[in-house]
Structure formats: C-alpha cells, structure tokens
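# Remarks on the overall topology
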Amino acid sequence: MKKIALCGFMGCGKSTIARLLKSKYSLEYVDTDEYVEKQADMKISDIFKNFGEECFRDKEYDAISTLSSENIPVLSLGGGAVMKERNVKKLKENGYTIVFLNTSLETIKERVKNDPSRPLFDNNVNELYKKRMPIYSSVCDINIDCDSKSADEVADEIIKMV
Ligand code: S3P
C-alpha cells in the first residue's frame, strides 16, 4: 500500500481520519502540526503571534521533509501545507499519495466555530477557502467528497483507493 498524506482546508477532518486509519487499519500516523508544536515547544497560534506565518511555514517544511523521509504510513498535514510547492515536491519525491478531504465550507464552519487554535480561521476565511480549493484539487492524487459521508466511510474509501 502507498503512503498517505491527508490534505484539505482547516477543519475538513484530517486528524479524525488519521486517527481512524490507525484504529481501523493499524496505520501509524503523525500530525505535522503536532510535530511542529513539539519541536518548537510552542502552540502554533503562539508561533504565528510571536514570529509570524513565514516562520511557521519554515518549521512546517522542516517537519514535512523529516517525516516524509521516515516512511511513516500516514501524515496528517496542516491546511496550508500543500499551498507550498516545496512541500508537495517533498511528499511526492518520498512516495506519498496526496489525499484531499474535500469538504464544504458550511460543514467546516460548523465544526470549527469556537476553536481559537487556528490563527487563519478569521474574517477572511471565505476568500481563503475560495483561493485554496482549486490548489488542493490540482495537487492531490485522490479527491474525496467528504460532505455526504461519515468519517468511517471516508477512511474505508481511502484504503480502497490507495
Ligand atoms: C493552517 C492550518 C492549521 C495549521 C496552521 C495553518 C492553514 O492546521 O497548520 O494554523 O494555513 O490552513 P489545520 O488544517 O489542522 O487546522
């Protein structure tokens, strides 16, 4: 089976699906945001606040470079990771199938409301969503429509397709 990198907008369910791939299919995963937080010993919201987004993007690239070369079966990426060509290149070079969890903004807003941990989920979220959706679609190898499916169904579909 190919290695899987889960991508998609904030709140599309990447972490949930990664956990399910582990519990149902025994596939180990690493969440790149959690890895960055551990390495920096700081919350992502604080990295943004104290050092700015570019600093976070550099740390995210370091995380993806390291983790993707370690043969980890599943990587759960941050929502902006595949916006950077260098990250997509690393993932593909290291044999990852990029899976896009395609979820409507309505569903996402319902899930993410009241969560202060996402610095980019602000008043400009509609614009950001519109700008990013075509990019997720163009870089991914597999595009999964998640709106009408349970998390279990999404995990099963991924396994069937990779
Ligand atoms: C970001 C998404 C976040 C995190 C950071 C930036 C983005 O991850 O990497 O706040 O640019 O969309 P989630 O997609 O897990 O929320």
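Below or above, wherever it landed, is the structure these notes cover. Keep in mind that what you see is a predicted model, and the values were worked out from it rather than measured. (Residues numbered from 1 in each chain as written. Predicted model: local features only at pLDDT ≥ 70, side-chain atom pairs only at ≥ 80, totals over all residues. Heavy atoms only, no water.)

Using the criterion set out here, one finds 13 salt bridges in the structure. Put simply, arginine 57 and glutamate 60 hold a salt bridge, and the shortest N to O gap is 2.9 Å. A residue pair is termed a helical-turn pair when its members lie 3 or 4 positions apart in one helix, as arginine 57 and glutamate 60 do in helix α4 (residues 53–68) at 3 residues. In terms of burial, arginine 57 and glutamate 60 fall into one category: buried. Here aspartate 141 and lysine 92 are joined by a salt bridge, their closest N and O atoms 3.8 Å apart. (Salt bridge = Lys/Arg side-chain N within 4 Å of Asp/Glu carboxyl O. Helix = DSSP H or I, 4+ residues; strand = E, 2+ residues; numbered from the N terminus. Buried < 20%, exposed > 50% of the residue type's maximum accessible area, 1.4 Å probe, protein only.)

On to the site of the ligand. Taken together, 13 residues are adjacent to the ligand, and Lys14, Asp33, Arg57, Arg118 and Arg132 come closest. Lysine 14 places a polar side-chain atom, nitrogen or oxygen, 2.7 Å from an oxygen atom of the ligand. Notes on the ligand: free accessible area 380 Å², of which the protein chains cover 94%. Here the residues of the shell around the ligand are counted per class, giving 5 nonpolar, 3 polar and 5 charged. (Near = heavy atom within 4 Å. Polar contact = N/O pair within 3.5 Å; in protein donor to acceptor, adjacent residues only side chain to side chain. Areas by Shrake-Rupley, 256 points an atom, 1.4 Å probe, with all protein chains shown as cover. Nonpolar A, V, L, I, M, F, W, Y, C, P; charged D, E, K, R; others polar.)

Only one face of strand β5 (residues 142–145) is buried, namely the one carrying Ile142 and Ile144, since none of Asn143 and Asp145 on the opposite face is buried. Pairing of strand β4 (residues 96–102) with β5 involves 4 bridges; the strand directions are parallel. Considered in β5, the bridge of leucine 101 is made with isoleucine 144. (Pairing = 2+ DSSP bridges.)

A general trend in soluble globular proteins is that nonpolar side chains are found buried together. Within the largest apolar cluster, 50 residues are counted, with the highest numbers of intra-cluster contacts made by Phe9, Leu77 and Ile158. Residue contributions to this core peak at 6 residues, all from helix α7 (residues 125–139). Those residues in contact with phenylalanine 9 that sit more than four places away from it in its chain are Lys14, Leu105, Ile108, Phe121, Val125, Leu128, Tyr129, Arg132 and Tyr136. (Core = buried A, V, L, I, M, F, W, Y, C linked by side-chain atoms within 4.5 Å. Contact = heavy atoms within 4.5 Å.)

Across its 12 residues, helix α1 (residues 14–25) extends 16 Å between first and last C-alpha, which sits within 8% of the 16 Å expected from 1.5 Å per residue. What α1 keeps buried is the set Lys14, Ile17, Ala18, Leu20 and Leu21. Along α1, the residues classed as buried sweep out an arc of 160 degrees about the axis, all on the same side. Check the buried side of α1 and you find it contacts β1 (3–7), β2 (29–31), β3 (74–76), β4 and α8 (151–161). Positioned one or two residues after α1, serine 26 has a phi angle of 55 degrees, which is positive. (Expected span 1.5 Å × (residues − 1). Arc of directions from axis to C-beta.)

The values are spatial; any link to function lies outside them.
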